[in-house]
Amino acid sequence: MKHIVLILLGVLAIVLVAGAAWLWTPDLPRATLEARYFDAHSSYVDVDGVRLHVRASGPKSAPVVIMLHGFGASLHTWEPWAEALSADHRVVRFDLPGFGLTGADPGDNYSDERSVGLLVALMDKLGITRASLVGNSIGGRIAWRFAAEHPGRVDKLVLVSPDGFASPGFEYGKAPAIPAAFRLLPYALPRSMLRMNLARAYANPQQLSEATLTRYHDLMRAPDVRRATIARTEQTILVPPESLLQKIAAPTLLVWGDQDAMIPVTNAADYARAMPASRLVTLPNLGHVPQEEAPAASLAPVRAFLAR
């Protein structure tokens, strides 16, 4: 019996070690990531103590469009839209602190106030007086907060499935509870698990390409990004948005995939009540990241809106 127990313990140890080896996901060297995801339009811009990865394209004299990505993403989520809009706009994108090649904020501050302040500072640094803002998910929340607090600097506002209203797990005035499993993110990020999470952002999961999955997986493994991702989540304290939304003077377009499983299109009614002058475009059979899932179809109403 003693031998059987020892054998079973040995087998269990092997299984645990094998499981840990499968789950363990180390960071990737910054040089490796820059070789893959830093291109001729990229630069690093030092803004208020943060080294932002910025990508700008299009005529320098054209109207400026600034694009803000969502949680866990990077400026690359906008690639097809940016390429198309760069024909007649100056398109500026950047990795929000805590994500992509920007990496962690040295001050570990990921509040909305900090994000809005960094956008102000970046525009000042680049000599941009006014711009149209395009934001997806939390990027949408940062965009509408900026538009509410700095109305004189926003021409038009495009909100793609924007975050901001309370939802399960995110109450007003209260930091969200962080599941214990989420705290393992800095140590374990198997590609298969990431695929399951990203697939929820698509109405048709088959549209999630291997190249896109690889990009997300790589950039989540940038040094210190996963720890920063947890810190940003811990610092997400929502405020009732109605009073801020009512301050927005810029013409506003709401863009929503009707199959969005992350922030459902029914949330658009909350924005419509606070911003009765806004216009909603519902995209059939698309999810939370229409700019990735169907770039051409989702860009069409945005391009028409910006051209007005």
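Residues numbered from 1 in each chain as written. Predicted model: local features only at pLDDT ≥ 70, side-chain atom pairs only at ≥ 80, totals over all residues. Heavy atoms only, no water.

Visitor: I'd like a rundown of the overall build of the protein, residues and numbers included.
Guide: When helices and strands are tallied, the protein shows 12 helices and eight strands. The globule rule puts the C-alpha radius of gyration for 308 residues at 19 Å, and the 21 Å found for the protein is close to it. Dimensions of the protein along its principal axes, counting C-alpha atoms only, are 80 × 40 × 35 Å. Residues counted as buried form 51% of the 308 residues belonging to the protein. Summed over all atoms, the accessible surface of the protein reaches about 13900 Å², with 62% contributed by carbon and sulfur. A distance of 1 Å separates the average location of the 30 positive side-chain charges in the protein from that of its 28 negative side-chain charges. (Helix = DSSP H or I, 4+ residues; strand = E, 2+ residues; numbered from the N terminus. Rg over C-alpha atoms; globule rule 2.2 N^0.38 Å. Buried < 20%, exposed > 50% of the residue type's maximum accessible area, 1.4 Å probe, protein only. Areas by Shrake-Rupley, 256 points an atom, 1.4 Å probe, with all protein chains shown as cover. Lys, Arg positive; Asp, Glu negative; His and termini not counted. Charge placed at Lys NZ, Arg CZ, Asp CG, Glu CD.)

Visitor: Describe the pairing of strand β2 (residues 50-57), and please don't skip the residues or the numbers.
Guide: Counted residue by residue, β2 has six buried out of eight residues, so it is predominantly covered. Across six bridges, the pairing between strand β1 (residues 42-47) and β2 is antiparallel. The residue of β2 that forms the bridge with Ser42 is Arg55. Where β1 folds back on β2, the antiparallel hairpin that results is connected by two residues, among which Asp48 adopts a positive phi of roughly 50°. The pairing of β2 with strand β4 (residues 90-94) spans four bridges and is antiparallel. Bridging across to β4, Ala56 finds its partner in Val92. (Pairing = 2+ DSSP bridges.)

Visitor: Can you tell me about the packing of aromatic side chains, naming the residues and giving the values?
Guide: Enumeration according to the criterion identifies five aromatic pairs in this entry. Here the aromatic rings of Trp256 and Tyr271 are separated by 6.0 Å at their centres, their planes lie at 55°, and the arrangement is tilted. Taken together, the residues Trp256 in strand β7 (residues 252-257) and Tyr271 in helix α10 (residues 268-274) connect sequence positions 15 residues apart. For the pair shown, Trp256 and Tyr271 are each scored as buried. (Phe/Tyr/Trp six-rings, centres within 6.5 Å; stacked < 30°, edge-to-face > 60°.)

Visitor: Talk me through a nonpolar patch on the surface; I want residue IDs and the actual numbers.
Guide: On the surface, Leu23, Met193 and Met196 cluster together into a nonpolar patch covering about 270 Å² of accessible area. Along the chain, the position of Leu23 falls in helix α1 (residues 2-23). The class of Leu23 is partly exposed, set by a relative accessible area of 31%. (Patch = residues over 30% accessible without salt bridge, like charges linked within 9 Å, V, L, I, M, F, W, Y side chains within 5 Å. Salt bridge = Lys/Arg side-chain N within 4 Å of Asp/Glu carboxyl O.)

Visitor: Explain the sheet that holds strand β5 (residues 131-136) residue by residue, including any values.
Guide: Strand order in the open sheet formed by eight strands is β1-β2-β4-β3-β5-β6-β7-β8, with mixed pairing between adjacent strands. A strand with exactly one partner marks an edge of an open sheet, and here the two such strands are β1 and β8 (279-283). Strand-to-strand twist across the sheet, computed as the mean angle between neighbouring axes with direction ignored, equals 25°. The sheet contact formed by β7 and β8 spans five bridges and is parallel. (Axes fitted to C-alpha atoms, helices over the stretch in contact; angles between N-to-C directions.)

Visitor: Could you give an account of helix α8 (residues 225-234), with specific residues and numbers?
Guide: With eight of 10 residues buried, α8 is to be regarded as a mostly interior element. Val225, Arg226, Ala228, Thr229, Ile230, Ala231, Arg232 and Thr233 are the residues of α8 that are buried. The secondary structure elements touched by the buried residues of α8 are α4 (112-126), α5 (138-149) and α7 (210-220). (Contact = heavy atoms within 4.5 Å.)

Visitor: Any chance you could break down unusual backbone geometry for me, citing the residues and the numbers?
Guide: Most peptide bonds take the trans form, and the phi angle of most residues other than glycine is negative. Despite not being glycine, Asp48 shows a phi value in the positive range, around 50°. With respect to the secondary-structure elements, Asp48 resides in the loop between β1 and β2. With a relative accessible area of 54%, Asp48 lands in the exposed category. Even without being a glycine, Ser161 presents a positive backbone phi close to 45°. Following the sequence through the fold, Ser161 ends up in the loop between β6 (154-160) and α6 (191-199). With a relative accessible area of 0%, Ser161 lands in the buried category.

Visitor: Talk me through the nonpolar core; I want residue IDs and the actual numbers.
Guide: Soluble, globular proteins show a tendency: their nonpolar side chains are buried together. One finds Ile66, Phe94, Leu157 and Ile248 to be the most contacted residues of the largest nonpolar core, which totals 43 residues. Broken down by element, this core gets its largest block of residues, seven residues, from α5. Leave out the neighbours within four places in its chain, and Ile248 touches Trp144, Ala147, Ala148, Leu157 and Met275. In terms of nonpolar packing, the next biggest core, distinct from the first, is built from 20 residues, Leu253, Val255, Val281 and Leu283 among them. (Core = buried A, V, L, I, M, F, W, Y, C linked by side-chain atoms within 4.5 Å.)

Visitor: Describe in detail the pattern of salt bridges, supporting the description with residues and values.
Guide: Counted by the stated rule, this structure contains 24 salt bridges. Note that Arg145 and Glu113 form a salt bridge whose closest N and O atoms lie 3.5 Å from each other. Taken together, the residues Arg145 in helix α5 and Glu113 in helix α4 connect sequence positions 32 residues apart. Given the relative accessible area of 8%, Arg145 is considered buried.

Visitor: Kindly report on the confidence of the model for the protein, identifying the contributing residues and their values.
Guide: Should pLDDT be low for a region, the predicted coordinates there are not to be read in detail. Averaged over all residues, the pLDDT of the protein is 92; the fraction at 70 or higher stands at 93%. Low confidence marks residues 1-20, where pLDDT is under 50. Its contacts with residues over four positions away, or in another chain, come to zero contacts. (pLDDT = per-residue confidence, 0-100.)

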